[in-house]
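# Residue-level structural notes
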Amino acid sequence: MSELANYESFNIEVKDHIAHVQFSRPEALNTMNKAFWLELPRCVQDIEANTDARVIVISSTGKHFSAGMDLGVFSDPKSVPMSGDPGRMAENLRRVVLQLQDTLSSLEKVRLPVLAAVHGGCIGGALDLVCAADSRYCTSDAYFTIKETELGMTADVGTLQRLPKLMPEGVVRELAYTGRKFGAEEAHRLGFVNSVYETQEAMLEGVMSIAAQIAANSPLAVTGCKEMINFSRDHSVEDSLRYMATWQSGMFRPTDMMKSFQAKAQKQAPAYDDLFPVKGLFEN
């Protein structure tokens, strides 16, 4: 297992096949500044390529999970010029938004399940982020808000595309149009979060227990589940069934099943091989 890089926005600990990524700027309410947007996909890729992690848990520090987008991201004239030809400014801004979207989509594209553990405020861009996670959990004091509407813009990095797949569309429309906060109880009732915990400590204990159950399963079977669920969300049942048949014809091997049966017969936990690490082309 290689040593992970150091990150300005995150602390990372990998233990027992679980990578715990914690936002590390509580003094700034863990706002999503320039470093955050650059570092998140690198962090995810680093974990996938250089650790034996089979699941990622994302949590935070301080009073809030995250206060969302740092407005400094859009105030740099080098990144987002606000003068010159309008057509060229628009083309540039479109590319910037696509790059920001790709940052959060890294949570969806990584082979490992991503569990988000939310406390306090999950605001604006932070809601976009947790929508891209596989599952969400929160404390009783947590709240969520599509803050962008209240600020005079349309949320643009994933919430409006993913949240209607996770909650009733009519409710999402209300939340988007009003920008109002919705709390832990409502989020749980609507199925947005899986569980609500009284304290952050209890939440992390609970989420780590779920992560441990995931990590104990065959990583090939788990990544197959993620691939299929993500594909099925965006395709017809017929297309999804056909893709499943093709995937299974290539990926299914009896090795892990035999390990499962043998371990059960011996009343032991099965020991599955890790997936091969994801590397850049021709990297060692």
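Numbering of residues starts from 1 in each chain and follows the order in which that chain's sequence is written. Local features are withheld for residues below a pLDDT of 70 in this predicted model, meaning they are given only at 70 or higher, and side-chain atom pairs are given and counted only at 80 or more; totals for whole chains, interfaces and linings count all residues. Side-chain measures were taken over the full set of non-hydrogen atoms in the model, leaving aside hydrogen atoms and water.

With that out of the way, let us pick up helix H3 (residues 86-109). In this text, helices come from DSSP runs of H or I with a minimum length of four residues, and strands from runs of E with a minimum of two, each type numbered from the N-terminal end. Expected helix span is computed as 1.5 Å times (number of residues minus one). Compared with an ideal rise of 1.5 Å per residue, which puts 24 residues at 34 Å, H3 spans 33 Å between its outermost C-alpha atoms and is within 8% of the ideal. The quantity called bend is, for any residue, the angle between two axes fitted respectively to the seven residues ending at it and the seven beginning at it. At Thr103, H3 shows its maximal kink, close to 35°. Accessible area is worked out with a 1.4 Å probe on protein chains only. A residue is then buried under 20% of its type maximum, exposed over 50%, and partly exposed in between. Among all positions in H3, only Asn92, Val96, Val97, Leu100, Thr103, Leu104, Ser105, Ser106, Leu107 and Glu108 are buried. Polar contact is defined as a pair of N or O atoms within 3.5 Å, subject to the rule that within protein one atom must be able to donate a hydrogen and the other to accept it, and that residues adjacent in sequence are counted only when both atoms are side-chain atoms. With a side-chain oxygen lying 3.2 Å from the backbone nitrogen of Gly87, the N-terminal cap of H3 falls on Asp85.

As a further point, take the nonpolar core. Ranked by size, the top nonpolar core spans 53 residues in total, and within it Leu129, Phe144 and Phe192 carry the most contacts. Listing elements by their share of this core, those giving two or more residues are strand E2 (18-23), helix H1 (34-50), strand E3 (55-59), H3, strand E4 (114-118), helix H4 (125-131), helix H7 (169-178) and helix H8 (184-189). Counting residues in each nonpolar core, the second largest holds 14 residues, with Val55, Val57, Met203 and Ala215 among its members. Nonpolar cores are built from buried Ala, Val, Leu, Ile, Met, Phe, Trp, Tyr and Cys residues. Side-chain atoms within 4.5 Å join them into one set.

To describe two helices that pack against each other, one gives the angle between their axes and the distance between the axes. Axis definition: a line fit to C-alpha positions, over the contact stretch in the case of helices; interaxial angles, taken between N-to-C directions, run 0 to 180 degrees. Viewed as axis vectors pointing N to C, helix H10 (residues 219-233) and helix H11 (residues 237-251) meet at an angle of 160°, and their least axial separation amounts to 10 Å. On the basis of their axis angle, the class for H10 and H11 is roughly antiparallel. Handedness of the crossing formed by H10 with H11: right-handed. Residues Leu220, Gly224, Glu227, Met228, Phe231 and Ser232 of H10 touch H11, and the partners they reach there are Asp239, Ser240, Tyr243, Met244, Trp247 and Met251. When residue character is reported, Ala, Val, Leu, Ile, Met, Phe, Trp, Tyr, Cys and Pro are called nonpolar, Asp, Glu, Lys and Arg charged, and the others, Gly included, polar. Its residues placed into classes, the contact of H10 with H11 shows seven nonpolar, three polar and two charged. For classification, angles of less than 35 degrees are called roughly parallel, those exceeding 145 degrees roughly antiparallel, those between 65 and 115 degrees roughly perpendicular, and all remaining angles oblique. Take the far helix as the reference: if the near one is turned anticlockwise from it by less than a right angle, the crossing is left-handed, and if turned clockwise, right-handed. Contacts are assigned to residue pairs with any non-hydrogen atoms lying within 4.5 Å of each other.

Moving on to the pairing of E2. Across the six residues that make up E2, a large majority, five, are buried. Two strands make a pair as long as DSSP finds a minimum of two bridges between them. Bridge count for strand E1 (residues 10-15) against E2 is six bridges, and the pairing is antiparallel. Looking across to E2, one finds that Glu13 is bridged to His20. Between the end of E1 and the start of E2, which pair antiparallel, lie two residues, with Asp16 showing a positive phi angle near 55°. As paired elements, E2 and E3 share five bridges and run parallel to each other. Its bridge partner being in E3, Val21 is matched across the sheet by Ile58. A crossover counts as right-handed when, viewed with the strands pointing away from the observer, the path leading from the first strand over the helix to the second turns clockwise. Handedness of the β-α-β unit built from E2, H1 and E3 comes out right-handed.

Note on placement: Gly183 falls in strand E8 (residues 181-183). Considered as a pair, Gly183 and Thr145 are 38 residues apart in the sequence and their alpha carbons are 8.8 Å apart. In this structure, Gly183 is in contact with Ala142 and Tyr143, ignoring residues within four places of it in sequence.

Here the focus is the domain arrangement of the protein. Domains assigned within the protein are domain 1 (8-214) and domain 2 (217-264). Put simply, the middle of domain 1 and the middle of domain 2, counted by C-alpha atoms, are 27 Å apart. Summed over both partners, the accessible area lost on bringing two parts together, with a 1.4 Å probe, is the buried area. When domain 1 packs against domain 2, close to 820 Å² is buried across both sides, 43% of that on carbon and sulfur atoms. A salt bridge links Asp134 to Lys226; the shortest N-O distance between them is 3.0 Å. Our enumeration of links across domain 1 and domain 2 arrives at eight residue pairs in polar contact (both at pLDDT 80 or more). Residue ranges for the domains trace back to a domain assignment, done automatically or taken from a database. The salt bridge definition used is simple: a Lys or Arg side-chain nitrogen within 4 Å of an Asp or Glu carboxyl oxygen.

On to a nonpolar patch on the surface. Candidate patch residues must exceed 30% relative accessible area and have no salt bridge, after which like charges are joined if within 9 Å and Val, Leu, Ile, Met, Phe, Trp or Tyr side chains if within 5 Å. Throughout, the Shrake-Rupley method with a 1.4 Å probe supplies accessible areas, and for residues the shown protein chains are the sole cover considered. On the surface, a nonpolar cluster with roughly 400 Å² of combined accessible area is contributed by Phe252, Met257, Met258 and Phe261. Among the secondary structure elements, Phe261 is positioned in helix H12 (residues 255-265).

Another point: the sheet that holds E1. Strand pairs in the sheet, formed through backbone hydrogen bonds, run parallel or antiparallel to each other. Strand order across the open sheet formed by six strands is E1-E2-E3-E4-E6-E9, with mixed pairing between neighbours. Every other strand in the sheet has two partners, leaving E1 and strand E9 (195-197) as the edge strands with one partner each. Strand-to-strand twist across the sheet, computed as the mean angle between neighbouring axes with direction ignored, equals 20°.

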